[in-house]
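# Architecture at a glance
What follows is each chain in one-letter form.
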Amino acid sequence: MTRFTKICSLMLFGSVSLMAQSKKAPVTPVSALDKKVDALIASMTLEEKVGQMTEVTLDVVSKTGAATQKMDDAKLKEAIEKYHVGSILNVSGAAYEREHWHEIISTIQTAALKDRLKIPVIYGIDAIHGVTYTVGSTLFPQEIAMAATFNKELAHKAGEITAYETRASYIPWNYSPVLDLGRNALWPRIYETFGEDPFVVKTMGAAMIKGYQGNDIGDKYHVAACMKHYLGYSAPLSGKDRTPAWIPDRYMREYFLPSFAEAVKAGAKTVMINSGEINGTPVHSSKYLLTDVLRGELKFDGIAVSDWRDIQYLFTRHHVASSQKEAVMIAVNAGVDMSMVPYEYSFFDYLVQLVHEGKVPMWRVNQAVHRILKVKYELGLFERPVGNPSDYPKFGSEEFRASSVQAAREAITLLKNNNNVLPLKKNLKVLVTGPTANTMRSLNGGWSYTWQGDVSDKFAANKNTILEAIQKKVGNDNVTYQEGSKFDTLTNVEETIKAAKKSDVIVLCLGELSYTENVGNIDDLNLPDAQIQLATELAKTGKPVILVLAEGRPRIVTKAESLSAATVMTYLSGNEGGDALADILFGDVNPSGKLPITYPRYTNALVNYYRKNLENGNSDDSHGYNPLYEFGFGLSYTTFRYGNLHVSTPALKDGQTLKITVDVTNSGQREGKESVLLYISQQYASIAPDTKRLRGFDKISLKPGETQTVSFNITPADLAFINDQSKSVTEAGEFKIQLGDQTQSFNYVSATVPSRTGKL
């Protein structure tokens, strides 16, 4: 084998050498619960088992044409008694009161308890930043904004509150968190991720999972989390949703796998599978990823559920199966436990046939059903299939709202503040304009009340848009509103310019309306010309422009940003985002968010911060790494000074822990919060090292003049990378620490690994 073909073979998923790493399923101790589940399985018919593996939508068992979702008794009876359906998911186009949810879930579970074995249904929902389909729920900032807080305690709290309100809607299973790595700015689900850095994604994701699940998912205030979308979903080559990705195995393990490995350690009970294909292999058909890696390497033992129609798509989209029946065989044998079918019962019929034909072994069905039933027992569904309405007095409470406000305040990121134009005085005359200024859609994004979030203005009518929050903050008499433009069309520009000339300052709100998945696909990362034209015309008035970016991904705003006096990134900051922004603009709150993504300057300059360092090599330096704003950037109304960076030893050895400390001082005049980001870079390695990698972060609050010592503990394993054999290794050599403007070097010295000094 030549070196070239050897490298190519390592890049392909499912190569013989890699698949051989984990042929056998892990042996786990048999608990009392496992024995209980096995006893139930022993009493089940094949049809009852396959039914547990079948998931359909609420629409399948509902009356058609009804203004609100009403159960169809005949359809529900067919689903439960004929097909023994084990799970139902929600894709309804409306949000309902809790009372209606109680009626829906009670009707479903009553029907399930009439079936022979009385196995409850597990109902699932995408409550990714709060309970999506329930009126009056607490909607938090989307994950990208939660990442900007760099506050894992806030992520944990958001998970706790979302779990409480999901259970208050009588639903025990949440298809969250999204653990995909948000690397490609074009991808329409960037806002559902914790950003581009693997350490942030795994840390915030694990915190949220622990918030969702608590210490016992069987109590009435917690839910089963679902880590998604395993694996590599967020890196399509085209940037379009559910289109092919090309990801070498080494690269996949270095950047995309860590968040899922950490989620398994955090105890995540379920996983949803990537809809796309990687290197030509649909993940739903990949035994290597679904069994060898997920089960064998990560030791995950929960439910693996397909995404929307994705087993069918093995036949109709990916063409790796010659029929729907073959698609079912491939997916189940690869490791899929439950099929989100979702509109009919073909999966059930085909899987029964395949077992009778010996093409899917009974042990594989029993294995899948064991995982499903075990989670149902752990959730307490057998004892409490429907919750008690009186158990949830805090639903939609002021206490929960305050947590959402805090998250939004800590997320919003000040990117530019020329001449300290911010904070604004409250007696100024303010023009508020732009397409995102007066709609909740641009604060909440998708998965808000409905799938696309397109009715947020209706269901969040009691919340404040950016305009309404500013009016509330400084009074209607001090605020003028003109639309200026819609998302992609100029409207009343002349009236807007006239209003600008009469104002002291312009708050220009640009960005995006709500979307998710394929609906959010775009061909051009530039903001539409109409928004840039509006910014250009307003800048001509000579009045200071405060540019507010309400968007789910970093759209190119370079020209508009060059015209602003200040720039503020709100991301999709949730129901309380308008109030949080007004608090920051007018100085009641000191901004503390930092970018969890690299903000590109140009449409084709999409490079992540941990890029390979080629500026001193053969690259054209004039077209090198030059983002508009780098990952981790964010300003404050105060200043912070770093000093006294110290390492416990200049030479870290095997089995030791390196303690890194730094003093952070609030050197300004206002109390503020600072996210302390620890970067470590390896100087030389057998794989070209990243420029730097985030290896720790902490958020602190400091009063003026106050100093706090922040410490981090680093082990050799924390410095590891994936080598060209797809193995995690820590190579001896020199490492550089960066904390603020402070730098320090240390060496890792190993008795077994030779040093990489870069010298002969």
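Residues numbered from 1 in each chain as written. Predicted model: local features only at pLDDT ≥ 70, side-chain atom pairs only at ≥ 80, totals over all residues. Heavy atoms only, no water.

## Observations regarding the packing of helix α21 (residues 493-501) against helix α22 (residues 529-539)
Rules: The angle between two axes is taken between their N-to-C directions and runs from 0 to 180 degrees, where each axis is a line fitted to C-alpha atoms and a helix contributes only its stretch in contact. The secondary structure listing takes helices from DSSP runs of H or I that are at least 4 residues long and strands from runs of E that are at least 2 residues long, numbered from the N terminus. For a crossing to be left-handed, the near helix must be turned anticlockwise from the far one by less than a right angle; the clockwise case is right-handed. Contacts are residue-level and defined by heavy atoms, with any inter-residue pair within 4.5 Å sufficient. Side-chain classes follow a simple rule in which Ala, Val, Leu, Ile, Met, Phe, Trp, Tyr, Cys and Pro form the nonpolar group, Asp, Glu, Lys and Arg form the charged group, and the remainder, Gly included, forms the polar group.
For the pair α21 and α22, interaxial distance at closest approach is 10 Å and the crossing angle is 35 degrees. For the pair α21 and α22, the sense of crossing is right-handed. Packed against α21, whose contacting residues are Val493, Thr496, Ile497 and Ala500, the element α22 presents Leu534, Glu537 and Leu538 at the interface. Among the residues making up the contact of α21 with α22, the classes are represented as five nonpolar, one polar and one charged.

## Focus: helix α14 (residues 324-334)
Condition: Each residue gets one of three labels from its accessible area relative to the maximum for its type: buried under 20%, exposed over 50%, partly exposed in between, using a 1.4 Å probe on protein chains only.
The buried fraction of α14 amounts to eight of the 11 residues, a majority that puts the element mostly inside the structure. Within α14, burial applies to Gln324, Ala327, Val328, Met329, Ile330, Ala331, Val332 and Ala334. With its phi angle positive at about 140 degrees, Gly335 sits one or two positions after the end of α14.

## Quick look at the sheet that holds strand β10 (residues 339-340)
The condition is simple: DSSP bridges decide pairing: two strands pair if at least two such bridges lie between them.
Taken together, the eight strands give an open sheet; going across it, the order is β9-β6-β5-β4-β3-β2-β1-β10, and neighbouring strands pair in parallel fashion. This sheet does not close on itself; its edge strands, each paired only once, are β9 (303-305) and β10. Of the strand pairs in this sheet, strand β4 (residues 173-174) and strand β5 (residues 224-230) are connected by two bridges, and their pairing is parallel. Opposite Asn174, over in β5, you have Ala225 as the bridge partner. Relative to β9, helix α16 (residues 362-378) is tilted by about 110 degrees, and along the sheet it contacts β3 (122-125), β5 and β9.

## Re the pattern of salt bridges
It is possible for side chains of opposite charge to pair when their charged atoms get near one another. Here is the rule: Counted as salt bridges are all cases of a side-chain nitrogen of Lys or Arg within 4 Å of a carboxyl oxygen of Asp or Glu.
Under the counting rule described, the total for this entry stands at 41 salt bridges. For Lys70, the salt bridge identified is with Glu103, shortest N-O distance 3.8 Å. Placement of the pair is Lys70 in the loop between β1 (54-57) and α5 (73-82) and Glu103 in helix α6 (residues 98-114), with a sequence separation of 33 residues. The exposure class of Lys70 is partly exposed, given its relative accessible area of 34%. On the accessibility criterion, Glu103 (38% relative accessible area) is partly exposed. The partner of Glu512 in a salt bridge is Arg555, and the shortest N-O contact between them spans 2.7 Å. Remark: Arg555 occurs in the loop between β15 (545-550) and α23 (558-562) and Glu512 occurs in the loop between β14 (505-511) and α22; sequence separation between them is 43 residues. As far as burial versus exposure is concerned, Glu512 and Arg555 are alike and both buried.

## Considerations on the packing of aromatic side chains
To keep things clear, this is the line we draw: Here is the rule: rings of Phe, Tyr and Trp (six-membered ring for Trp) pair when centre to centre is within 6.5 Å. Planes less than 30 degrees apart are stacked, more than 60 are edge-to-face, and the remainder are tilted.
For the structure shown, the criterion picks out 25 aromatic pairs. Pairing Tyr609 with Tyr610 gives two aromatic rings, centres 5.0 Å apart and planes at 80 degrees, and the pair type is edge-to-face. Residue Tyr609 is classed as buried on the basis of its relative accessible area of 0%. Each ring, one from Tyr609 and one from Tyr679, has its centre 5.8 Å from the other, and the planes form 70 degrees; the classification is edge-to-face. Of this pair, Tyr609 sits in the loop between α24 (577-585) and β17 (640-647) while Tyr679 is found in strand β20 (residues 672-682), placing the two residues 70 residues apart along the sequence. Using a relative accessible area of 7% as the deciding quantity, one classes Tyr679 as buried.

## Here we look at the environment of Glu706
For clarity, the threshold we go by: We define a polar contact as two N or O atoms separated by no more than 3.5 Å, with the added condition that, inside protein, one atom must be a possible hydrogen donor and the other a possible acceptor, whereas residues neighbouring each other in sequence contribute only through side-chain atom pairs.
One can find Glu706 in the loop between β21 (693-702) and β22 (707-714). Glu706 gets classed as partly exposed once you look at its relative accessible area, which sits at 32%. The contact partners of Glu706, leaving out residues within four places of it in the chain, are Val664, Thr665, Asn666 and Ser701. Within polar-contact distance, the side chain of Glu706 engages the backbone nitrogen of Lys703 at 2.8 Å.

## A closer look at the nonpolar core
One recurring pattern in soluble globular proteins is that nonpolar side chains are buried together. The following threshold applies: Among the buried residues, those of types Ala, Val, Leu, Ile, Met, Phe, Trp, Tyr and Cys that are joined through side-chain atoms within 4.5 Å form a nonpolar core.
Membership of the largest hydrophobic core comes to 176 residues, with the highest contact counts inside it found for Met227 and Tyr230. In terms of residue count, helix α9 (residues 198-213) provides more of this core than any other element does, eight residues in total. The residues touching Met227, leaving out its near neighbours within four places in the chain, are Pro177, Leu179, Phe260, Ala263, Val264, Ala268, Thr270, Val271, Met272, Leu294 and Phe300. Membership of the second largest hydrophobic core comes to 36 residues, among which are Ala437, Met440, Phe459 and Ala469.

## What to know about the pairing of strand β19 (residues 658-666)
Of all nine residues in β19, eight are buried, a share of seventy percent or more. The pairing of β17 with β19 spans six bridges and is antiparallel. Looking at the pairing, Arg641 lines up with Thr665 of β19. With eight bridges connecting them, β19 and β22 associate as antiparallel partners. Its bridge partner being in β22, Asp663 is matched across the sheet by Thr709.

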